[in-house]
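# Summary of the model geometry
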Amino acid sequence: MNRNVLEIIDALSAHEDNESIRVLEELGTNSPDNEVREYTSRALVRKNVHDSLKVVIINQGKGINDLSPSVAMSTINEILALKDKEEVIKILDDTISMHSDESVKENARSVKSLLSLS
């Protein structure tokens, strides 16, 4: 992956404003490049705030719901590595109880099960 792209993703992940999350979602998680999506999803998880976690948990085709197994597993591993899992558990619970897409609900259930084992 292009070093400049990595640096841009890192810089955006360091910002605490919602605009940085929007840019990561719009450009990073929608990229045709698996590596860019993987790196972006991990950066969004590391932010560990409601809006960034929401992107990688509730959106079909992004984060834990990405069609690329490497992107999905990388995102899940990053979630499991979080020290403070309070916000991610809230979003997983909300997704399980309220999301309209059954496959998104099922992925949230699976990640929640993995969290309970870790």
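None of the values given here were measured: they were computed from a predicted structure. (Residues numbered from 1 in each chain as written. Predicted model: local features only at pLDDT ≥ 70, side-chain atom pairs only at ≥ 80, totals over all residues. Heavy atoms only, no water.)

### Here's the deal with the overall build of the protein
This is how the line gets drawn: Starting at the N terminus, helices and strands are each numbered in turn, a helix being any DSSP run of H or I of at least four residues and a strand any DSSP run of E of at least two. C-alpha atoms define the radius of gyration in this analysis, and the globule rule sets the expected value at 2.2 Å times the number of residues to the power 0.38. Buried, partly exposed and exposed residues are distinguished by accessible area as a fraction of the type maximum, computed with a 1.4 Å probe on protein chains only: under 20%, between the cut-offs, and over 50%, respectively. Here, two residues are considered to be in contact whenever any of their heavy atoms come within 4.5 Å of each other. The Shrake-Rupley method, run with a 1.4 Å probe, gives the accessible areas here. Residue values count only the displayed protein chains as cover. Think of it this way: Lys and Arg go in the positive column, Asp and Glu in the negative one, and His and the chain ends go nowhere. We put the charge of a Lys on NZ, of an Arg on CZ, of an Asp on CG and of a Glu on CD.
In terms of regular secondary structure, the protein is built from 7 helices and 0 strands. Written out in order from the N terminus, the α and β elements of the protein read α-α-α-α-α-α-α. At 13 Å, the protein has a C-alpha radius of gyration in line with the 13 Å of a compact globule built from 118 residues. If one aligns the C-alpha atoms of the protein with their principal axes, the spans along those axes are about 40 × 25 × 25 Å. Residues classed as buried in the protein amount to 41% of the 118 residues present. Taking as baseline every contact in the protein between residues at least 6 positions apart, the subset at least 24 positions apart corresponds to 57%. On the protein, roughly 6,400 Å² of surface is accessible, and the fraction owed to carbon and sulfur atoms is 52%. One finds the centroid of the 14 positive side-chain charges in the protein at a distance of 3 Å from the centroid of its 21 negative side-chain charges.

### A look at the confidence of the model for the protein
We apply this condition: On a range of 0 to 100, pLDDT expresses the predictor's confidence in each residue.
Averaged over every residue, the pLDDT of the protein is 95; residues scoring 70 or more account for 100%. Of all the helices and strands in the protein, helix α1 (residues 3-14) carries the lowest mean pLDDT, 91, while helix α5 (residues 69-81) carries the highest, 98.

### Here we look at the environment of Asp 84
For the record, the criterion: Two N or O atoms form a polar contact when they lie within 3.5 Å of each other; inside protein one atom must be a possible hydrogen donor and the other a possible acceptor, and for residues adjacent in sequence the pair counts only when both atoms belong to side chains.
Note on placement: Asp 84 falls in the loop between α5 and α6 (86-98). Along the backbone, Asp 84 and Asn 30 are 54 residues apart, and their C-alpha atoms lie at a distance of 27 Å. Within the structure, the side chain of Asp 84 is placed 3.1 Å from the backbone nitrogen of Glu 86, a separation counted as a polar contact.

### Quick look at the pattern of salt bridges
What counts here: By definition here, a salt bridge exists when the distance from a side-chain nitrogen of Lys or Arg to a carboxyl oxygen of Asp or Glu is within 4 Å.
Using the criterion set out here, one finds 13 salt bridges in the structure. In this structure, Asp 66 and Arg 37 form a salt bridge, with 2.8 Å as the shortest nitrogen-oxygen distance. On the criterion of sequence distance, the pair formed by Asp 66 in the loop between α4 (50-58) and α5 and Arg 37 in helix α3 (residues 34-47) is long-range, its members being 29 residues apart. Note on accessibility: Asp 66 and Arg 37 belong to one class, buried. Lys 90 serves as the salt-bridge partner of Glu 87, at 3.6 Å between the closest nitrogen and oxygen. A residue pair is termed a helical-turn pair when its members lie 3 or 4 positions apart in one helix, as Glu 87 and Lys 90 do in helix α6 at 3 residues.

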